[in-house]
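What the coordinates show
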Amino acid sequence: MESPGIEPESGSPAPPAEEPERSEAAPAPQQEAEGVPPPAPVAQGRRPSGPGSQGQTKRRGAGKGGRGKRGSTRRAGEEWGRPAHVTVDSSKAKTSLEALKISLRQLRWKEFPFGRRLPCDIYWHGVSFHDNDIFSGQVNKFPGMTEMVRKITLSRAVRTMQDLFPEEYNFYPQSWILPEEFPLFVAEVRMMKESNPPWKPTFIVKPDSGCQGDGIYLIKDPSDIRLAGNLQSRPVVVQEYISKPLLIDKLKFDIRLYVLLKSLEPLEIYIAKDGLSRFCTEPYREPTLKNLHQVFMHLTNYSLNIHSRNFIHSDNVNTGSKRTFSSVLYRLSSKGVDIKKLWSDIISLVIKTIFALTPELKVYYQSDIPAGKPGPTCFQILGFDILLMKNLKPVLLEVNANPSMRIEHEQELSPGVFENVPSAVDEEIKVAVIRDTLRLMDPHKKKKKDNHLPDTCMDSKQRFPPVSSRLPRLNLQFSKFAVVRSQLSENSSDTKDDLLEPGSTDQLEHDISKNPEASLPSLCLKQVFPKYAKQFNYLRLVDRMAALFIRFLGVKGTMKLGPTGFRTFIRNCKLSNSNFSMASVDILYIDITRRWNSMGLDQRESGMCLQAFVEAFFCLAQRRYKSLPLHEQVASLIDFCEYHLAILDEKRLVCSRGITERRAALVTCQPDGLHLTPATHAPLLNHMAAANKLTDCRNHRS
Ligand code: ADP
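Residues numbered from 1 in each chain as written. Predicted model: local features only at pLDDT ≥ 70, side-chain atom pairs only at ≥ 80, totals over all residues. Heavy atoms only, no water.

As a further point, take the packing of aromatic side chains. Tallied over the full model, the rule gives 21 aromatic pairs. For the pair Phe185 and Phe203, a centre-to-centre distance of 5.2 Å together with 90° between the ring planes defines the contact as edge-to-face. Residue Phe185 is located in helix α4 (residues 182-195), and its partner Phe203 is located in strand β6 (residues 203-207); the two are separated by 18 residues in the primary sequence. With a centroid separation of 6.4 Å and an interplanar angle of 85°, the aromatic rings of Trp199 and Phe203 are classed as edge-to-face. Using a relative accessible area of 25% as the deciding quantity, one classes Trp199 as partly exposed. (Phe/Tyr/Trp six-rings, centres within 6.5 Å; stacked < 30°, edge-to-face > 60°. Helix = DSSP H or I, 4+ residues; strand = E, 2+ residues; numbered from the N terminus. Buried < 20%, exposed > 50% of the residue type's maximum accessible area, 1.4 Å probe, protein only.)

In structure tokens form, the structure reads like this:
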């Protein structure tokens, strides 16, 4: 099942650059002089042509003063006293360039296709966060996202959530990571077959580094795994194959949904109201030994099916082998399917999947942009691939960090002669997603919005405050669920219990519709989080464990916890006692860390990764709260830790206040320092008390 590889997606190597890159020898030219407005927007959905498109861009001198990206943050136009346009560096946009260009023209924003010496408001990267060195503005990629959505990492992250909340996370097929879990795979399948003899399973084997169906094959039994390919060098995820998918016109299809992760802290998620449906090109039959190899029947990848003689290029958005998701929904609703319920299930799947990804993403984020270091803020469009089962239950297949944003496809004009032709269905969906992502990230609106928002909606650069600063004024009485409650209320902007009503509006959508962009269609992106935070926040336990982990990482920029950091965590959270000595703590650390490091994950750094920390945390929780179910054990231990850290923070605050006040008092002392007035005497006594507290406080520190 080799992939001809047409559309590069997550995990694939960077496609060749489509536009000249900047080099030091040749200073970057600019598309336009500062202050010159961009050309008028083209009609909705039309491709730009003629003057102003990339090929015909006029080259002018570099920005004034030749400052680098770290320099002035003044935007184009401001220097001339005219209204500033949002500036976008598209020099690294790669295959999303065409769709981006159309979006920018519709928005009348200024594009810098060759980069710019002055900083831009937004940087559009085709592959990853690291495509460019940026120190300000916003970039459309999070550090670590590509790593997080690889098949093995995603499976691990979802599995942790499945351990805690098996019912809530049953939208992801049962998976095994090979080679390390091969014995487990064999044993579990044998057990399931013994307990349920009529069960005739099929499994799908997916190489970790693959995409576009590359290297994927189906098997009926664990013994069919192709070991010849050397699993050690190319590990795979084996998954239960969903053998009863929903069919339309007898064809299997999947859904590509676009999801905007607008901010990590606080978490903000938007879902595009429309997506794509990609159809197989041969009628589906349940897997048998005879048809297992028929890719056009079992795999929905566009990049594979386009090579089938049955592939139909869509000349409108309702037919063909790639259609809009809305056209599929329309078809289903005409057959009586409850579309509202289906959307609600899909939104739930998306929010829960993002919950699985965010804890480790936060570790990457603080490592790449440690607090205090200048850096951009991030957002990212993700491509969710979802399969509908016959009973309409959505199943997550995978998440793409770089979903293809190409809006054209290859067509064979005559044998062997290919041409790129516009694809109406791709253009309709993808341009809207990019344009509306930009509208939501508009730095001008963001500024206005930030001025009106309460403190809890901080900018993501203010990321991960210490646990205690998220607590209301500390009540030293330990209440088991106080912290949980405070967190739940923090992000909930909506008390409604119902899930998405397509078409309902939120405040931001309203704001946007009132501004001069009103000529644009309403936003195609719909906020789902924090809108539905109330229903889902209880699932964010790993996120809270990650906050503890990050607090004890110590050195800026690391991603792994050293033995001292782990000991400090245990001590500060008061987790050791006569039954659990510090020697046992060290053994726990060594055991778990060694095992995770032997799995051949990231070997660059030694120490305990987040997943290993989570495992250690589960062990600690099980020891302490034996009788409870796992998620309650873990929630109780998190509450316990957060409570003790909050006390510690409060003590430190008192200490540091004491020091500040003492310094202030010394400054107000008489020059001879001998005769204190009563007014200075009293605070000094307080400072002595504070100094005592400081000693106490130091004793608590490791
Ligand atoms: P890739 O990144 O190579 O596209 P996917 O995980 O998306 O890998 O799988 C490729 C295709 O295989 C999917 O588009 C889908 O049609 C099919 N597929 C993947 N996983 C399953 C599964 N568990 N059950 C049924 N079909 C699946």
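Spatial ordering of the open sheet is given by β2-β1-β3-β4-β14, a layout of five strands whose pairing is parallel. Of all strands in the sheet, those bounded by a partner on one side alone are β2 (110-112) and β14 (377-378). Two elements, strand β4 (residues 138-139) and β14, share two bridges in a ladder whose sense is parallel. Following the sheet pairing, Val139 is matched in β14 by Cys378. (Pairing = 2+ DSSP bridges.)

Take the environment of Ile152 next. With respect to the secondary-structure elements, Ile152 resides in helix α3 (residues 151-164). Note on Ile152: relative accessible area 9%, which makes it buried. Measuring from C-alpha to C-alpha, the distance between Ile152 and Val236 comes to 7.4 Å, with 84 residues separating the pair along the chain. Not counting residues within four places of it along the chain, the set of residues in contact with Ile152 comprises Ile177, Asp208, Pro235, Val236 and Val237. (Contact = heavy atoms within 4.5 Å.)

Right, let's talk about the sheet that holds strand β7 (residues 217-219) for a bit. Whether parallel or antiparallel, the strands of a sheet pair through hydrogen bonds between backbone atoms. In spatial order, the strands read β5-β8-β6-β7; together these four strands make up an open sheet with antiparallel pairing. In this open sheet, the two strands that pair with only one neighbour each are β5 (175-178) and β7. This sheet shows a mean twist of 25° between the axes of neighbouring strands, independent of strand direction. Inspection of the sheet shows β6 paired to β7 by three bridges, in the antiparallel sense. Among the inter-strand pairings, Phe203 is bridged to a residue of β7, identified as Ile219. Running at roughly 135° to β5, α3 makes contact with β5, β6 and β8 (236-240) of the sheet. Contacts from α4 reach β5, β6, β7 and β8 within the one sheet, and its direction differs from that of β5 by about 150°. (Axes fitted to C-alpha atoms, helices over the stretch in contact; angles between N-to-C directions.)

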